[in-house]
Every structure is written in C-alpha cells, then in structure tokens.
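Listed below, chain by chain, are the residues.
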Amino acid sequence: MIYPTVEIAATSCAEFIADVLKTRLDAGPTASLAISGGSTPKLMFGTLTKCTLDWSRIHLFWVDERCVPPDDPQSNFRLANESLISVAGIPEANVHRIRGELPPVDAAAACAEDIRTFFGGDAPRFDVIHCGMGADSHTASLFPGEPLIEDRTGICAAVYVEKLKAYRITLLPGALASARQVVVLAAGADKAEAMRAVWEGPLNVLKHPAQILVRESIQARWFVDEAAATLVA
Ligand code: 6PG
C-alpha cells in the first residue's frame, strides 16, 4: 500500500500491527512481535503506544541489532526502549533484547537460544515481524552480498557488514518466512530505486535482499510513502 506521507504510512503500519496482535491475543495467551531499527520505526512506535493493547501478554523481539551496548545511540534496543517499551510499559520479562554488548557470535547464540526457548524448542513462528528496507535494498541486517540471504533453516546469525565496517545480529530469512505476518515499512525518496529493483527488477536476492519479502512465500504487507514509490507502477 502506498500512502501520501511517511507519517500516514507509519500510522497505518502501527494500526495494522496492533490489529494482528489483538487477533492473536483473542486466540491465545500471548503474542510475539519482532521489530527493526532505523529512523522510520520511531514514528511507527509512537502510534503503537497509542493503540489499546495488553502489553502484559505481548513479547517483543528484534529483527536485528547493532553490536553495541544497549545504551549506545546506535542501539535498536535503545530506540525501542525510548519510544515504545518505556511509553507502553512493556514488562521487562517480555522484552527479548539481543545482547549487542556480547561478542557477535555469543550474541547470536544467545539470541537463537532465547527465541528457541520462547517457541518451546520449535522453529520460531513470530505473530508479526516488522521489517524496513534500506536504500541499498537490504532488510533486517541482510545486506547486499551477504550469503546468508540464502539460508532458510537458521534462526539468526552474526554478520559482518563491510560497508558499515561493523557486526550486526540479524534474523535469517527462514525466521522471517515462518512469521504469520510480515510488515514492511519503507519511506523516503532515497528508497525509490531500491523499491523499483526489489519489486520490478530481475530476481537476485543476493543483490537485493528485500526481494525475499516480495518474491517468495513470505506473507508481507508493505507500507510505503509516495516518495519511496515514485519508480514503481
Ligand atoms: C537497522 C534496521 C534496518 C532498517 C533499514 C531501514 O538496524 O538499521 O533494522 O534494516 O530497517 O535500514 O531503515 P530506515 O527506517 O532508517 O529507513
């Protein structure tokens, strides 16, 4: 779906996430939401805090995290803590922070263990996963050229991102694909070329990782502003 502004796209995305979570809570004791970082989510988190949700029954996970301490300005946890967790009053026990302060391999192992434990040892099936898309068509922390974009069995991994000269922890495509619902929030003119490549370009997930959210079986609903959609039909 294309919206006039990033604010409307973010609000619509948040309201959709809330509806899916409410439906899951009507059907069972808990619901699970995995969120991404970046700049756009802050708008979406703000609306999410205004939705009527029983956060005591919602478990929050991350799609990816920078390998930094939780109080670092780069931390996706810090962004969510300031604009979602502390505002909505999400119980600490429900917050499954990726421990970016650990060595990357240890952080990834701890993340996978936490997810496996939550899902009772089975493969994860998040109720809602929120992804973004970078101007280079990365999603999660699966950047162009990352061979793990082909991985359909792992839960998460530590990846070294050459262009950032930094490690990230990221969910892997299999964990994204098994979600009940994926939402993608993408906004800004800088995303227009990536949108065109991801939606209409030749299939090449290694070059355009966000294609896994369009061209495969993943149930993804896109929330895009007009600025990002100028090059797609
Ligand atoms: C991150 C995100 C990343 C993000 C995109 C879009 O940790 O940076 O998980 O994948 O979703 O880079 O970011 P914007 O919302 O800032 O455009």
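Residues numbered from 1 in each chain as written. Predicted model: local features only at pLDDT ≥ 70, side-chain atom pairs only at ≥ 80, totals over all residues. Heavy atoms only, no water.

**Comments concerning the overall build of the chain**
Then, in step 1: A count of helical and extended segments in the chain gives six helices and nine strands.
Then, in step 2: Against the 2.2 N^0.38 benchmark of 17 Å for 233 residues, the chain shows a C-alpha radius of gyration of 16 Å, consistent with a compact globule.
Then, in step 3: Dimensions of the chain, computed from C-alpha atoms along their principal axes, come out at roughly 45 × 35 × 35 Å.
Then, in step 4: In the chain, which comprises 233 residues, the share counted as buried stands at 55%.
Then, in step 5: Counting contacts in the chain only where the partners sit at least 6 residues apart, residues at least 24 apart contribute 74% of the total. (Helix = DSSP H or I, 4+ residues; strand = E, 2+ residues; numbered from the N terminus. Rg over C-alpha atoms; globule rule 2.2 N^0.38 Å. Buried < 20%, exposed > 50% of the residue type's maximum accessible area, 1.4 Å probe, protein only. Contact = heavy atoms within 4.5 Å.)

**Considering the packing of aromatic side chains**
Then, in step 1: Under the counting rule described, the total for this entry stands at ten aromatic pairs.
Then, in step 2: Considering the side-chain rings of Tyr160 and Tyr167, the 5.0 Å spacing of their centres and the 65° angle between planes classify their relative orientation as edge-to-face.
Then, in step 3: Among the aromatic residues, those joined into a ring-pair cluster are Phe61, Phe118, Phe119 and Phe126.
Then, in step 4: Lying across the ring of Phe77, Arg97 places its NZ or CZ 5.7 Å from the centre. (Phe/Tyr/Trp six-rings, centres within 6.5 Å; stacked < 30°, edge-to-face > 60°. Lys NZ or Arg CZ within 6 Å of the ring centre and 35° of its normal.)

**Quick notes on the packing of helix α2 (residues 41-50) against helix α3 (residues 76-88)**
A pair of packed helices is captured by two measures, namely the crossing angle of their axes and the spacing between those axes.
Then, in step 1: For the pair α2 and α3, the least separation of the axes is 9 Å and the interaxial angle reads 5°. It follows from the interaxial angle that α2 and α3 lie roughly parallel. In contact with Lys42, Phe45, Gly46, Leu48 and Thr49 of α2, α3 contributes Leu79, Ala80, Ser83, Leu84, Val87 and Ala88. (Axes fitted to C-alpha atoms, helices over the stretch in contact; angles between N-to-C directions. Parallel < 35°, antiparallel > 145°, perpendicular 65-115°, else oblique.)

**Digging into the nonpolar core**
Then, in step 1: Of all hydrophobic cores here, the largest spans 77 residues; its most connected members are Leu48 and Ile129.
Then, in step 2: The greatest single-element share of this core, amounting to ten residues, is contributed by helix α1 (residues 6-27).
Then, in step 3: If sequence neighbours within four positions are ignored, Leu48 has contacts with Ala14, Ile17, Ala18, Leu33, Leu53, Trp55 and Leu84. (Core = buried A, V, L, I, M, F, W, Y, C linked by side-chain atoms within 4.5 Å.)

**With respect to the sheet that holds strand β7 (residues 166-171)**
Then, in step 1: Spatially, three strands are ordered β4-β7-β6 in an open sheet, and the strand pairing comes out antiparallel. Since the sheet does not close on itself, it has two edges, and those belong to β4 (64-66) and β6 (156-161), each with one partner. On average, each strand axis in the sheet is tilted by 25° relative to the strand beside it, whichever way the strands run.
Then, in step 2: Note: β6 against β7, six bridges, orientation antiparallel. Each bridged residue has a counterpart across the sheet, and for Cys156 the counterpart in β7 is Leu171.
Then, in step 3: Here helix α4 (residues 104-118) sits on the sheet in contact with β6 and β7, set at roughly 150° to β6. (Pairing = 2+ DSSP bridges.)

**So, the site of the ligand**
Then, in step 1: In the vicinity of the ligand there are 16 residues, among which Ser39, Thr40, Asp64, Ala140 and Lys191 approach most closely.
Then, in step 2: With respect to the ligand, the side chain of Thr40 contributes an N or O atom lying 2.6 Å from an oxygen atom.
Then, in step 3: Within the side chain of Arg66, a nitrogen or oxygen atom sits 2.7 Å from an oxygen atom of the ligand.
Then, in step 4: Against a free-state accessible area of 420 Å², the protein chains account for coverage of 90% of the ligand.
Then, in step 5: Of the residues belonging to the shell around the ligand, the class tally is three nonpolar, nine polar and four charged. (Near = heavy atom within 4 Å. Polar contact = N/O pair within 3.5 Å; in protein donor to acceptor, adjacent residues only side chain to side chain. Areas by Shrake-Rupley, 256 points an atom, 1.4 Å probe, with all protein chains shown as cover. Nonpolar A, V, L, I, M, F, W, Y, C, P; charged D, E, K, R; others polar.)

**Details of the packing of α1 against α2**
Then, in step 1: Their axes nearest at 8 Å, the elements α1 and α2 cross at an angle of 50°. When the interaxial angle is binned, α1 and α2 end up oblique. Handedness of the crossing formed by α1 with α2: right-handed. When α1 is examined against α2, the residues Val6, Glu7, Ala10, Thr11, Cys13, Ala14, Glu15, Ile17 and Ala18 are found in contact with a partner set consisting of Leu43, Met44, Thr47 and Leu48. (Left-handed = near helix turned anticlockwise from the far one by under 90°.)

**A few points about the state of the cysteines**
Then, in step 1: Applying the stated criterion across every chain, the model contains zero disulfides.
Then, in step 2: Cys13 provides the cysteine sulfur closest to Cys51, a residue in no disulfide bond, and the two sulfurs are 10 Å apart.
Then, in step 3: Just so you know, Cys111 is unpaired, no disulfide at all, and the nearest cysteine sulfur is the one on Cys156, 3.6 Å from it. (Disulfide = S-S within 2.5 Å.)

**Regarding the side chain of Asp151**
Then, in step 1: Note on placement: Asp151 falls in the loop between β5 (128-131) and β6.
Then, in step 2: For the buried residue Asp151, which engages in no salt bridge, the nearest side chain bearing the opposite charge is Arg152, 6.5 Å off.
Then, in step 3: Among the polar contacts made by the side chain of Asp151, one reaches the main-chain amide nitrogen of Thr153 at a distance of 2.8 Å.
Then, in step 4: A polar atom in the side chain of Asp151 sits 2.7 Å from the backbone nitrogen of Gly154.
Then, in step 5: Discounting chain neighbours no more than four positions away, the residues touching Asp151 are Leu172, Pro173 and Gly174. (Lys, Arg positive; Asp, Glu negative; His and termini not counted. Salt bridge = Lys/Arg side-chain N within 4 Å of Asp/Glu carboxyl O.)

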